[in-house]
Amino acid sequence: MTLQNARWSAVQRMTAAVVGLVCATVALSGCSLLPGAAQAPESAVAQKFFDLLISGKTSGIKDLLSSGATVPDEALDPDLYRKASARPVSAEVRKPEVVDGKTRVRVDHRVSGSDAQRQLVLEMTEDGGTPKVSGWVDMALTAGSMLKPGALAVAGTRASFALPSESTTDIVLLPGTYRLDYADPSGVGTTADTGSGDGSGVLVTFPGAAGAEEAAPAGFQWAGGALVVRPRMKDEAKATIDDAAQACGASGLIGPTCPADLVAHVRGRGQTVDPATVRWASKGEPDVVAPYTQWTVSAAYTLTYATTSGSPTTLDTVTFPGTVSRGADGGFVFTPKS
């Protein structure tokens with residue numbers, strides 16, 4: 001063997017040792033770089049991104065994001081990320097690809113508590129001469145418009161997302177599984193079956209439409225990839241409308257809590273109603289109607305009554321329109337529509 005060949009063999013052995021050390025270090029970290037991925041700077045950024053996710057040290061992720069990335073500061077809060085029900089535990093970074101003029105890096109990963117392999121496609125852009133993450137495909141969960149006020153809150157944290165009434169809102173969180181709860185600032189609505197106001201919550205894995213994998217509990221539903229909240233009034237709030245109906249009956253169907261069209265019907269016929277004969281049968285949950293800034297409702301009942309002359313009458317649908325809110329004493333108040 002010549003001196004040149006001996007030197008070349010030594011270099012090869014040293015290179016192999018260094019590569020082996022790097023692979024061992026990466027394996028211990030829970031991530032792995034596929035062949036060729038380490039040579040691309042975009043892949044190195046993707047690797048760092050997932051290293052931070054796996055370690056839970058999300059404070060360093062902001063440095064990896066481009067100036068145009070639409071990731072709210074709340075999503076990067078380490079305290080919030082620690083509240084996630086599941087976080088990435090392993091990842092494989094693929095080689096960068098250019099799709100529609102944009103550089104993308106796919107990362108196959110798993111989250112804790114699941115053997116299912118998920119994919120995250122990071123979009124990269126040049127920012128300050130270095131590649132940075134500008135976002136990821138399907139990065140936001142879309143919350144559909146709703147007819148009731150409120151917000152979706154990340155359970156155990158102060159982070160919340162206001163739910164609009166006539167549009168949609170994007171919810172952006174770092175990859176992981178979170179429990180989202182419905183919060184009604186007015187205290188009138190709930191998603192819980194018991195009407196306790198605790199909110200049943202729904203587990204959502206970001207990114208992507210988790211609705212295909214996770215059933216939405218009471219008060220939530222998946223619709224076209226959007227998470228739609230369908231809260232109902234608390235039982236105690238609905239009871240205030242029932243109370244208004246009972247007061248209306250006690251007045252002979254002409255009192256101030258009675259709907260105007262019902263009063264007109266009774267008076268127009270010249271009837272005198274015997275309050276003891278009035279019976280109300282609810283026709284289901286009150287409907288929520290415009291405007292959407294408060295609990296503006298219309299509750300329907302079937303009404304039976306008899307006049308003092310003894311003639312029975314049945315009205316199939318009598319509606320009580322009005323608003324339900326919290327009173328000064330913390331209780332619920334139904335205000336009939338004037």
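Since we're looking at a predicted model, the values are computed, not measured.

Procedures and definitions
Residues numbered from 1 in each chain as written. Predicted model: local features only at pLDDT ≥ 70, side-chain atom pairs only at ≥ 80, totals over all residues. Heavy atoms only, no water. Helix = DSSP H or I, 4+ residues; strand = E, 2+ residues; numbered from the N terminus. Expected span 1.5 Å × (residues − 1). Buried < 20%, exposed > 50% of the residue type's maximum accessible area, 1.4 Å probe, protein only. Contact = heavy atoms within 4.5 Å. Disulfide = S-S within 2.5 Å. Phe/Tyr/Trp six-rings, centres within 6.5 Å; stacked < 30°, edge-to-face > 60°. Pairing = 2+ DSSP bridges. Axes fitted to C-alpha atoms, helices over the stretch in contact; angles between N-to-C directions. Arc of directions from axis to C-beta.

A. Local environment of helix α4 (residues 235-250). Given a rise of 1.5 Å per residue, 16 residues ought to cover 22 Å, and the 22 Å separating the end C-alpha atoms of α4 matches this to within 8%. Along α4, the positions that sit buried rather than exposed are Ala237, Lys238, Thr240, Ile241, Ala244, Ala245, Cys248 and Gly249. On the buried face of α4, the contacting elements are β16 (232-233), α5 (260-268), β17 (279-282), β19 (295-306), β20 (312-326) and β21 (332-336). Note on α4: the residue one or two positions beyond its end, Gly252, has a positive phi of about 80°.

B. Broad picture of the state of the cysteines. One pass over the structure, following the stated rule, counts 1 disulfide. Cys248 shares a disulfide with Cys258; S-S distance 2.0 Å. Because the sign of the S-S torsion sets the handedness, a value of about 110° for the bond joining Cys248 and Cys258 places this disulfide among the right-handed ones. One end of the pair, Cys248, is in helix α4; the other, Cys258, is in the loop between α4 and α5, with 10 residues separating them in the sequence. In this pair, the class of Cys248 matches that of Cys258, namely buried.

C. Quick look at the packing of aromatic side chains. Considering all chains together, one arrives at 7 aromatic pairs under this definition. Geometrically, the ring pair formed by Phe49 and Phe50 is edge-to-face, given 5.9 Å between the ring centres and 65° between the ring planes. Across the pair, Phe50 and Phe49 agree in class, each one buried. Pairing Tyr81 with Tyr178 gives two aromatic rings, centres 6.5 Å apart and planes at 50°, and the pair type is tilted. Here the residue Tyr81 occupies a position in helix α3 (residues 78-82), and Tyr178 occupies one in strand β11 (residues 176-183), the gap between them amounting to 97 residues. With respect to burial, Tyr81 and Tyr178 carry one shared label: buried.

D. Broad picture of the sheet that holds strand β14 (residues 220-223). Taken together, the 4 strands give an open sheet; going across it, the order is β10-β7-β15-β14, and neighbouring strands pair in mixed fashion. What marks the edges here is a single partner per strand, and that holds for β10 (169-172) and β14. Taking the axes of each pair of neighbouring strands and ignoring which way they run, one obtains an average angle of 35° across the sheet. Bridge analysis of strand β7 (residues 140-143) against strand β15 (residues 226-229) gives 2 bridges, and the strand direction is parallel.

E. Representation of α5 in the model. If you check which residues of α5 are buried, you get Leu262, Val263 and Val266. Here the buried residues of α5 occupy an arc of 100° about the axis, which is enough to place them on one side. Of the exposed residues in α5, the ones pointing more than 90 degrees away from its buried face are Ala260, Asp261 and Gly268. Considering only its buried residues, α5 is in contact with α4, β17, β19 and β20.

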